[in-house]
Each structure stands twice: as structure tokens, then as C-alpha cells.
Amino acid sequence: MNPKVLIIEDEISISTLLEYNLKQAEYDVITALDGQEGLKRAIEEQPDLILLDLMLPKLDGMEVCKELRVQKINTPIIMLTAKDDEFDKVLGLELGADDYMTKPFSPREVIARVKAVLRRSKVGERQAKEETSELVYHMGHLKVLPTRFEAYLDGKPLEFTPKEFELLIYLLQNKNRVLTRDQLLSSVWHYDFAGDTRIVDVHISHLREQIEENSRKPKYIKTIRGLGYKFEEPKV
């Protein structure tokens, strides 16, 4: 069965171009021309990935993304935007989008990113099935259960998007190691080309808001100036 991609895009020329190229790459494609229809199809059709335009009639992309996450629908989302607006990009990621692309973009790049997300998803599913015993990470007051997609701080449950959780697991697996933004982008986002490392910064920021007592003075995720980040056991 081919992976299913939902395109929520009101510009028919762009939607048609994306649909054609995705079908050529052997994906099943469904489309929606406004936010309300897109939200409905996302819930009913259960696609493997969503390409979501920011500026949509009836319900904009931000609201669609937010509503899907509120309903605990964790389908990966790549947000498409014609705006070169940093606030929109950061807000979209904070609401639960996994990535964004600024128009104009090449269909080839879109296909590459779609492939990377779906490849990562399949690897994660296989690893979960191969787990014979439950793995638990303990760091300070933080407890993370990867196969259950659960995390707790002082016994209180935390909520993450799939991408944030994947980033957290990767940091835990590489604790006490300095990881560059490019390393994180390659290992967690699986980009085979130069990407925007601000995506990493946004996700790190959101992790800190969840697990740090004071996100401005982090004890778990340290910034290593000029290099990247390091996850370490908080000092008592």
C-alpha cells in the first residue's frame, strides 16, 4: 500500500503540481481547497503526512494544525507558506508542525522532505516492534518511556509533538555529547540537503519550556556557544 499524503492548498495550480509530482513518486494523494475541508479529511482519511498551506479560506493553516494536535492527531505536518515571516514559521512549529517550506519551492524538494519524514516514521515503527523489553530513561526528575510515547517530570505527564519527542529521545541517547544543529537536523529530521537550523532551535526551545524549571537558565539542555547543544544530568 502506498503512503497517503493530504494536500491542503487553496491555489489550484500549486495543489495540482504537488499532486502530480507526488503521484509520479507513487504516493496516494487526497486534496482539500480550504481549511475546514482539510481538517475534515485529515480526521476521516488518516493520511500518513499532510502538506498544509498557511493562508487558507474558512480556516487558516495555523488553526488546522492546532486543532489536529488538540485532538491528539499526530500526523506529520509540513507547512507551506508564501510569507517570509519569521513569526509565522516559529508559531507554526510551536503549534505542532514538523517543518515548513517557503514558496516558491521545487516539487523535487517537497518530495525529498516527504520521503524523509515517511522513512523516519517507518524506522520508528520498526524499532518499537523490535523492543523486547521496555526501555526507560531517567535523568534528574525526568522519566521518559520511548515505546509508550510518554514522559514525566516529577511524576507529572508532559505532552510533546512526535518531532519534539523524537528530538528528546535523541538527546537522551547522546547525553553529555555536544551535538551541532546540523547533526540534529540530519539525525532527527533526516535531511539529505542543507536545511534551516532554526527548526532545531524552535524545538529545543519548546523542550526547555516543558522540562526546565527555568527555560532561561536550563539545567538539562545546555547551549554550547558556537557549537550546538548538550543534554546532561542536572547538578543538585
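Residues numbered from 1 in each chain as written. Predicted model: local features only at pLDDT ≥ 70, side-chain atom pairs only at ≥ 80, totals over all residues. Heavy atoms only, no water.

Now, about the packing of helix H2 (residues 35-45) against helix H3 (residues 61-70): what can you tell me, with residues and values included?
At their nearest, the axes of H2 and H3 sit 10 Å apart, and the two run at 25° to each other. Here H2 is positioned roughly parallel relative to H3, judged by the angle of their axes. Between H2 and H3 the crossing geometry is right-handed. For the pair formed by H2 and H3, the contact residues are Gly-35, Leu-39, Ala-42 and Ile-43 on the first element and Val-64, Glu-67 and Leu-68 on the second. Grouping the constituent residues of the contact of H2 with H3 by class yields five nonpolar, one polar and one charged. (Axes fitted to C-alpha atoms, helices over the stretch in contact; angles between N-to-C directions. Helix = DSSP H or I, 4+ residues; strand = E, 2+ residues; numbered from the N terminus. Parallel < 35°, antiparallel > 145°, perpendicular 65-115°, else oblique. Left-handed = near helix turned anticlockwise from the far one by under 90°. Contact = heavy atoms within 4.5 Å. Nonpolar A, V, L, I, M, F, W, Y, C, P; charged D, E, K, R; others polar.)

Describe the nonpolar core, naming the residues involved and giving the relevant values.
Side chains of a nonpolar character, in soluble globular proteins, are inclined to be buried together. Within the largest apolar cluster, 50 residues are counted, with the highest numbers of intra-cluster contacts made by Leu-52, Leu-142, Val-144, Leu-171, Ile-221 and Phe-231. With seven residues, the single largest contributor to this core is helix H6 (residues 162-173). Each residue touching Leu-52, except ones within four places of it in the same chain, is listed here: Ile-8, Gly-61, Val-64, Cys-65, Ile-77, Ile-78, Met-79 and Leu-80. (Core = buried A, V, L, I, M, F, W, Y, C linked by side-chain atoms within 4.5 Å. Buried < 20%, exposed > 50% of the residue type's maximum accessible area, 1.4 Å probe, protein only.)

An account of the environment of Ile-169 is needed here, citing residue identities and associated values.
As for its position among the elements, Ile-169 is in helix H6. By relative accessible area, which is 11% here, Ile-169 ends up buried. As a C-alpha pair, Ile-169 and Pro-146 span 23 residues in sequence and 7.1 Å in three-dimensional space. Not counting residues up to four positions away in its chain, the partners in contact with Ile-169 are Tyr-137, Val-144 and Pro-146.

Break down H6 for me, with residues and values.
For H6, which comprises twelve residues, the first-to-last C-alpha distance of 16 Å matches the rise-based estimate of 16 Å (1.5 Å per residue) to within 8%. Taking burial as the measure, the twelve residues of H6 include nine buried ones, the bulk of the element. (Expected span 1.5 Å × (residues − 1).)

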